Amino acid sequence: MVDEALSAGAVARRLGVAVTTLRTWHQRYGLGPSEHIPGHHRRYTPTDLARLEIMRRLTAEGVSPAEAARWARQAPDPTPNGTVAPARIHPTGRDGGGSIPVGRAGPAARGLARAAMRLDAAAISETIAHALAASGVVATWEGLLRPVLAGIGERHATTAGLIEVEHLMSRCVSEALAAASRANVPTGPARILLSCADEEQHTLPLEALAAALAEAGVSYRMLGARVPVAALVEAVNRTGPAAVVLWSHTRATADPTQLGALLAAPRRPLLVLAAGPGWRADTLPAGVVRPVDLAEAVSLSAAVRDSLDQSRRD
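A few points on the structure. (Residues numbered from 1 in each chain as written. Predicted model: local features only at pLDDT ≥ 70, side-chain atom pairs only at ≥ 80, totals over all residues. Heavy atoms only, no water.)

## Let's talk about the packing of helix H2 (residues 19–29) against helix H3 (residues 46–60)
Keep this limit in mind: Structural elements are reduced to axes, namely lines fitted to C-alpha atoms, with helices fitted over the stretch in contact, and the angle between N-to-C directions of any two is expressed from 0 to 180 degrees. In DSSP terms, a helix is any run of H or I states spanning at least four residues, a strand is any run of E spanning at least two, and both are numbered starting from the N terminus. Roughly parallel covers angles under 35 degrees, roughly antiparallel covers those over 145, roughly perpendicular covers 65 to 115, and oblique covers all other angles. Residue contacts are counted whenever heavy atoms from the two residues lie within 4.5 Å of one another. Charged means Asp, Glu, Lys or Arg here, nonpolar means Ala, Val, Leu, Ile, Met, Phe, Trp, Tyr, Cys or Pro, and polar covers whatever is left, Gly included.
Where H2 contacts H3, the axes come no closer than 12 Å and their chain directions differ by 100°. As judged from the angle between their axes, H2 and H3 are roughly perpendicular. Listed contacts from H3 to Leu 22, Trp 25 and Tyr 29 of H2 are Leu 52, Met 55, Arg 56 and Thr 59. Tallied by class, the residues present in the contact of H2 with H3 amount to 5 nonpolar, 1 polar and 1 charged.

So this is what it looks like as structure tokens:
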């Protein structure tokens, strides 16, 4: 799995558990870091990580922590090339159940997916918070959150299950993005208006955009889910935003007449963005831009904000 010693935070992200859980496993069951360099914190070796993976897998399947720790301590040492030989012990006789596919996403996404399957809200929140602090909103959304959310949706489409996983994960993501937005409250008037299309209830991507705009110092207003077109036009006329981002997750909510109404508003915004996979490029009215990803939506919003501010100064 690894060929070098890892910190507690790195191990927690790989396994999809909270650092406090690692501390408990260390204190109660002796499954702690074994590498010690004088003057430095202890670090987890490949052998430590192999045992913790067994501990995580067994406890997730309902084995008591004490019994899981007993089996984990019997884990084989890593093979000479630094990888960990597959553990042959499994007191329950089960294969660990299903998993959430995350494609080519890295260890942090796989750990987050495992935490989601266990409904471990503490580990989910801790992983997201660490990623936001280390990498920022856009990178966290594209490299961590979106792959896991898409994987949950894929599993739900094929099994009709994981509704509880989706709900818990969505709540944790929403709370983390809201905290990121509050930590970066921009100054100045709100130039960007964010709204879901009429009857659209998938708000997380729009919440990610709000957090990314706040991180970039761009003020915004968020209207949220299921905004009727008449209410959206009224909000535009009352606030005069430089740009409007209209999010649609599915074709069912991507009615181009909503975009046309924005373009015909008395206080027409400088830029109308049709964001989300629901929109088809060949149905968009002239003058509407469809950003390819979150980063482009942030860049376009910031650019039109700056253009409006400059024109008002001239």
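On we go from here.
## Topic: the environment of Thr 20
Positionally, Thr 20 belongs in helix H2. Through-space distance from the C-alpha of Thr 20 to that of Gly 9 is 9.9 Å; in sequence the pair is 11 residues apart.

## Re the sheet that holds strand S3 (residues 243–247)
Inclusion rule: Any two strands between which DSSP finds at least two bridges are classified as paired.
Strand order in the open sheet formed by 5 strands is S2-S1-S3-S4-S5, and the pairing between neighbours is parallel. Each edge of the open sheet is held by one strand with a lone partner, namely strand S2 (220–224) and strand S5 (288–289). Pairing of strand S4 (residues 271–275) with S5, which is carried by 2 bridges, proceeds in the parallel orientation. In the strand pairing of S5, Leu 273 is matched with Val 289. Taken strand by strand, helix H9 (residues 204–215) contacts strand S1 (192–196), S2 and S3, and its axis lies near 165° from that of S1.

## With respect to the nonpolar core
As a reminder, the rule being used: We define the nonpolar core as a collection of buried residues of types Ala, Val, Leu, Ile, Met, Phe, Trp, Tyr and Cys that are connected through side-chain atoms lying within 4.5 Å of one another. Exposed residues in this analysis have more than 50% of their type's maximum accessible area, buried residues have under 20%, and partly exposed residues fall in between, with area computed by a 1.4 Å probe over protein chains only.
Judged by nonpolar contacts, the single largest core of 52 residues is most densely connected at Ile 124, Met 169 and Leu 209. Not counting residues up to four positions away in its chain, the partners in contact with Ile 124 are Leu 112, Ala 115, Ala 116, Leu 168, Met 169 and Cys 172. Counting residues in hydrophobic clusters, the runner-up holds 21 residues, among them Ala 12, Leu 22, Tyr 44 and Val 63.

## Topic: the environment of Leu 112
Locating Leu 112 in the fold gives a position in helix H5 (residues 107–117). Spatially, the C-alpha atoms of Leu 112 and Ile 124 are 6.0 Å apart, while their sequence positions differ by 12 residues. The residues touching Leu 112, leaving out its near neighbours within four places in the chain, are Gly 16, Ile 124, Thr 127, Ile 128, Leu 144, Leu 145, Val 148 and Met 169.

## Overview of the side chain of Arg 305
Structurally, the position occupied by Arg 305 is in helix H12 (residues 294–313). Exposure remark for Arg 305: the relative accessible area of 15% places this residue in the buried category. Setting aside anything within four residues of it in sequence, one finds Arg 305 in contact with Arg 191, Gly 217 and Val 218.

## Some words on helix H10 (residues 229–239)
Under the convention used in this document: For this quantity, the arc is that covered by the directions from the helix axis to the C-beta atoms.
What H10 keeps buried is the set Leu 232, Val 233, Ala 235 and Val 236. What you see down the axis of H10 is that its buried residues fit within an arc of 155°, all on one side. In H10, the exposed residues that point more than 90 degrees away from the buried face are Ala 230 and Arg 238. Next to the buried residues of H10 lie S1, S2, S3 and helix H11 (256–263).

## Let's talk about H5
Within the span of H5, buried status applies to Ala 109, Gly 111, Leu 112, Ala 113, Ala 115 and Ala 116. On its buried face, H5 is in contact with helix H1 (8–15), helix H6 (121–135), helix H7 (137–159) and helix H8 (163–183). Of the residues trailing H5, Leu 119 is marked for its positive phi of about 55°.

## Quick notes on the layout of surface pockets
Under the convention used in this document: A pocket, in this scheme, is an open set of points on a 1 Å grid over the protein atoms alone with protein on both sides within 12 Å along at least 5 of 7 lines, while a cavity is a set where a 1.4 Å probe fits but cannot get out; residues line either one if an atom lies within 4 Å of a point. Grid points are joined across faces, edges and corners, and a volume is the space filled by probe spheres set on the points.
Looking at the largest pocket, its volume works out to about 820 Å³. Looking at the largest pocket, it is lined by 29 residues, and the ones nearest its centre are Trp 141, Arg 146, Pro 205, Trp 247 and His 249. Looking at the lining of the largest pocket, the elements that each hand over two or more residues are H7, H8, H9, S3 and H12. For the lining of the largest pocket, the element with the highest residue contribution is H7, accounting for 7 residues. Classifying every residue of the lining of the largest pocket gives 16 nonpolar, 8 polar and 5 charged.

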